[in-house]
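Each chain, written out:
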Amino acid sequence: MDGWRVVHVLSLIWLGAGLGATYPLILRAWATKDLRLQMTLLTEAANNETRVLLPGAMLTGATGFFWAVAEEENFVTEGWLAALWLSFVFFYFGCLPLLGFGLRRARLASLIAAKKGEETEELRAILADRVPIVFGTLLVLSVPWMAWLAIFQPF
């Protein structure tokens with residue numbers, strides 16, 4: 001195993017830890033009706049997203065790119081690598097920022113509702129919107145999709 005592969009695998013573990021530290025909290029926050037618990041879960045999920053998930057995603061993209069360059073892979077002629085790169089761009093430059101935006105919005109609404117001591121109309125609207133759940137699910141599903149592309153190199 002060469003150096004870039006080791007660093008890339010470690011960054012993938014970091015990315016997986018970020019997803020594992022963020023997504024279950026989002027699901028649990030949407031499942032509960034307790035405002036204090038929701039506030040705590042959404043705050044922790046937003047913190048984990050910025051502290052663990054974002055750095056893991058950035059490091060995974062950078063190490064994957066440098067590993068491909070070191071292996072002299074061609075991003076233009078190898079379809080699987082182009083698909084992998086486009087998938088990464090979509091999921092981690094599109095879905096991840098939208099997840100973070102939705103999380104911070106939901107966290108803020110839950111903090112306002114907790115301060116008032118009741119569920120606000122804004123919190124009900126945000127929880128009905130389910131933006132963090134949708135984009136979190138897409139990010140979780142991106143891992144097996146991109147692993148399949150990298151392992152089997154179908155085209």
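None of these values were measured; they are calculated from a predicted model.

A. How the structure looks around the packing of aromatic side chains. Summed over the entire model, instances satisfying the criterion amount to eight aromatic pairs. Measuring from centroid to centroid gives 5.0 Å for F90 and F91, while their planes differ by 70°, and the two rings are edge-to-face. Members of the aromatic cluster, joined through ring pairs, are W4, F65, F66 and F75.

B. Looking closely at the layout of surface pockets. Taken as a whole, the largest pocket encloses approximately 830 Å³ of empty space. Around the largest pocket, the lining is made up of 31 residues, and of these H8, G64, W67, L84 and A150 lie nearest the centre. Elements supplying a minimum of two residues to the lining of the largest pocket: α1 (3–31), α2 (35–70), α3 (79–116) and α5 (131–152). When residues in the lining of the largest pocket are grouped by element, the largest group, nine residues, is from α2.

C. Highlighting empty space enclosed by the protein. According to the stated counting rule, one finds one cavity of 30 Å³ or more in the structure shown. Of the pockets and cavities examined, the largest cavity occupies roughly 30 Å³. Every residue lining the largest cavity is listed: G102, R105, A106, I126, D129, V131 and P132. When residues of the lining of the largest cavity are traced back to their parent elements, those giving at least two are α3, α4 (121–129) and α5. Of the residues that constitute the lining of the largest cavity, the class distribution is four nonpolar, one polar and two charged.

D. Quick peek at the side chain of T60. The topology assignment puts T60 in helix α2. Classification of T60 by relative accessible area gives buried; the value is 6%. At 3.1 Å, the side chain of T60 and the backbone oxygen of S11 are in polar contact. In this view, T60 contacts H8, S11, L12, L15 and F88; residues no more than four positions away in its chain are not counted.

E. The pattern of salt bridges, seen in detail. Summed over the entire model, instances satisfying the criterion amount to five salt bridges. R105 is paired through a salt bridge with D129; the nearest N and O atoms lie 3.5 Å apart. Of the two residues, R105 sits in helix α3 while D129 sits in helix α4, which places them 24 residues apart along the sequence. Given a relative accessible area of 34%, R105 falls into the partly exposed group.

F. Seen up close, the nonpolar core. The biggest cluster of nonpolar side chains holds 37 residues, and the ones touching the most others in it are I26, W30, Y92, L96, L99, L103 and L139. Among the elements of the structure, α1, α2, α3, α4 and α5 are those that each provide at least two residues to this core. By residue number, the principal contributor to this core is α3, which donates 14 residues. In contact with L139, other than residues within four places in its own chain, are L19, F91, Y92, C95, L96 and L99.

G. Structural view of α4. The set of residues buried in α4 consists of L123, I126 and L127. Down the axis of α4, the buried set is contained in an arc of 95°. They therefore lie on one face. In this structure, α4 carries E121 and A128 as exposed residues pointing more than 90 degrees from its buried face. For α4, the elements touching its buried residues are α1, α2 and α3. Once α4 ends, the next one or two residues include R130, with phi positive near 60°.

Here is what the cut-offs are and how they apply
- Residues numbered from 1 in each chain as written.
- Predicted model: local features only at pLDDT ≥ 70, side-chain atom pairs only at ≥ 80, totals over all residues.
- Heavy atoms only, no water.
- Phe/Tyr/Trp six-rings, centres within 6.5 Å; stacked < 30°, edge-to-face > 60°.
- 1 Å grid on protein atoms, 1.4 Å probe; cavity = no way out; pocket = protein on both sides within 12 Å on 5 of 7 lines; lining within 4 Å.
- Points joined across faces, edges and corners; volume = space filled by probe spheres on them.
- Helix = DSSP H or I, 4+ residues; strand = E, 2+ residues; numbered from the N terminus.
- Nonpolar A, V, L, I, M, F, W, Y, C, P; charged D, E, K, R; others polar.
- Buried < 20%, exposed > 50% of the residue type's maximum accessible area, 1.4 Å probe, protein only.
- Polar contact = N/O pair within 3.5 Å; in protein donor to acceptor, adjacent residues only side chain to side chain.
- Contact = heavy atoms within 4.5 Å.
- Salt bridge = Lys/Arg side-chain N within 4 Å of Asp/Glu carboxyl O.
- Core = buried A, V, L, I, M, F, W, Y, C linked by side-chain atoms within 4.5 Å.
- Arc of directions from axis to C-beta.

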